[in-house]
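# Examination of the molecular architecture
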Amino acid sequence: MTRTLLITGASSGYGKATAQHFLDRGWNVVATMRRPAPELFNAPAERLRVLPLDVTDPSSIDRALDQATAAFGSIDVLVNNAGIGLLSALEHTPDETVREVFETNTFGVINACRAAIPRLRRQPGKGTIINVTSSVGIAPMPLVAVYTASKTAIEGFSESLAYEMAYVGIPVKIVQPGFAPSTRFAANGADRMQGLTPAPYDAYAQAYFARMQDYPTAYASERDIAEAVYRAATEPGGQLRYPAGADAELLTELRVGKPEGEYLSRVREMFAPKRSR
């Protein structure tokens, strides 16, 4: 039987690439987004549904899950990919912006998992949950403290959830994308980030951006993330985390098994501008 994927945040970037990757491999795909646009995908109509879903609205999640099940009979893999970016100095980040990021990146994932679990649990073949976090879950970077907090919360949430879901036969996986400049991460959050790195952080931000132009490895690509999600969905075994992209793999290598002082010194050397005197 053809397997079915439901993915959130599929209108652009990682989500769109991942949905198309699964379609190209013969899966049924339920691509969800706040404003549905079926023309984004190349696939036979009988294997694709593009549905409205807002992860901050539990009733919207329930409707999409019901429609997906009605269309394809079951959901074999749920990918929680929807997220929003934020680059800011914490001192200048308004409370409403912090809450906006957490509503989507953290509570949105929790909402979708909580809605999907009883449905997956009742299915004969169960299903798999894949939560897309970020390489900041491996190695937090400057000027993304709020974004990092929202994503590392899901790292811990997913690891804990994996234990209880194993008891009912539902694997939980984490995909950790590196930075992919080809996505609309910055463009989609431009209004949200406007004016959030003023003095005295502006010089620091510019120095940091300059360093990012001389990245120590290749950036991630949308294909890297799509392939990592596909591996997480199809590989047997108990692997929990899937770093996606050369940069995420480098950060994992730098962190795992290294003394903390050595790791922090190396990351500061690569990414964190020194304070001007």
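Summarised in this report is the structure supplied together with it. Position labels on residues start from 1 in each chain and follow its written sequence. With the structure being a predicted model, the display of local features is reserved for residues of pLDDT at least 70 and the display and counting of side-chain atom pairs for 80 or more, all residues being used for whole-chain, interface and lining totals. By convention in this description, side-chain values take in all heavy atoms of the structure and omit both hydrogens and water.

## A look at the pairing of strand β6 (residues 172–177)
- Counting buried positions along β6 yields six of six residues, so the element is predominantly enclosed.
- Think of it in three bands: residues with accessible area under 20% of the maximum for their type are buried, residues over 50% are exposed, and the middle band is partly exposed, with areas taken using a 1.4 Å probe on protein chains only. Runs of E in the DSSP output that reach at least two residues are strands. Runs of H or I that reach at least four are helices, and both are numbered from the N terminus. Here β6 shows no split at all, with Val 172, Ile 174 and Gln 176 on one side and Lys 173, Val 175 and Pro 177 on the other all buried.
- Two strands qualify as a pair provided DSSP detects at least 2 bridges between them. Both strand β5 (residues 128–132) and β6 contribute to a ladder of four bridges, which runs parallel. From the neighbouring strand, Ile 130 faces β6, where its bridge partner is Lys 173.
- Handedness of the crossover joining β5 and β6 through helix α4 (residues 145–167) is recorded here as right-handed.
- Bridge count for β6 against strand β7 (residues 241–244) is four bridges, and the pairing is parallel. Residue pairing across strands places Val 175 opposite Tyr 242, the latter belonging to β7. Looking down the strands as they point away from you, a crossover is right-handed if its path from the first strand over the helix to the second goes clockwise.

## Details of helix α8 (residues 222–234)
- Helix span, as expected, comes to 1.5 Å for every residue beyond the first. Here α8 spans 19 Å end to end across 13 residues, near enough to the 18 Å set by a 1.5 Å rise per residue.
- Those residues of α8 not exposed but buried are Ile 225, Ala 226, Ala 228, Val 229, Ala 232 and Ala 233. When α8 is viewed along its axis, its buried side chains cluster within an angular range of 160° and face the same direction.
- In this analysis, two residues are considered to be in contact whenever any of their non-hydrogen atoms come within 4.5 Å of each other. Contact partners of the buried residues in α8: α1 (13–24), β4 (77–80), β5, β6 and β7. The reported arc concerns the directions from the helix axis to the C-beta atoms and nothing else.

## A word on unusual backbone geometry
- Each neighbour pair has its own omega, and for Ala 199 with Pro 200 the value is 5°, a cis peptide bond.
- Structurally, Pro 200 can be placed in the loop between α6 (190–193) and α7 (202–212).
- Within the chain, Leu 143 stands out as a residue other than glycine whose phi angle is a positive 70°.
- For Leu 143, a relative accessible area of 12% gives the class buried.

## Re the sheet that holds β6
- Strands sit in the order β3-β2-β1-β4-β5-β6-β7 across an open sheet of seven strands; the sheet is parallel. The open sheet has two free edges, formed respectively by β3 (48–52) and β7, since each of these has just one partner strand. Across the sheet, the mean angle separating the axes of adjacent strands is 20° when strand polarity is ignored.
- With five bridges connecting them, strand β2 (residues 28–33) and β3 associate as parallel partners. Pairing of Val 29 across the sheet is with Leu 48, part of β3.
- The sheet strands contacting α4 are β5, β6 and β7, and the helix crosses β6 at an angle near 155°.
- Relative to β7, helix α9 (residues 246–255) is tilted by about 125°, and along the sheet it contacts β6 and β7. Lines fitted to C-alpha atoms define the axes, with helix axes restricted to the stretch in contact, and inter-axis angles between N-to-C directions lie between 0 and 180 degrees.

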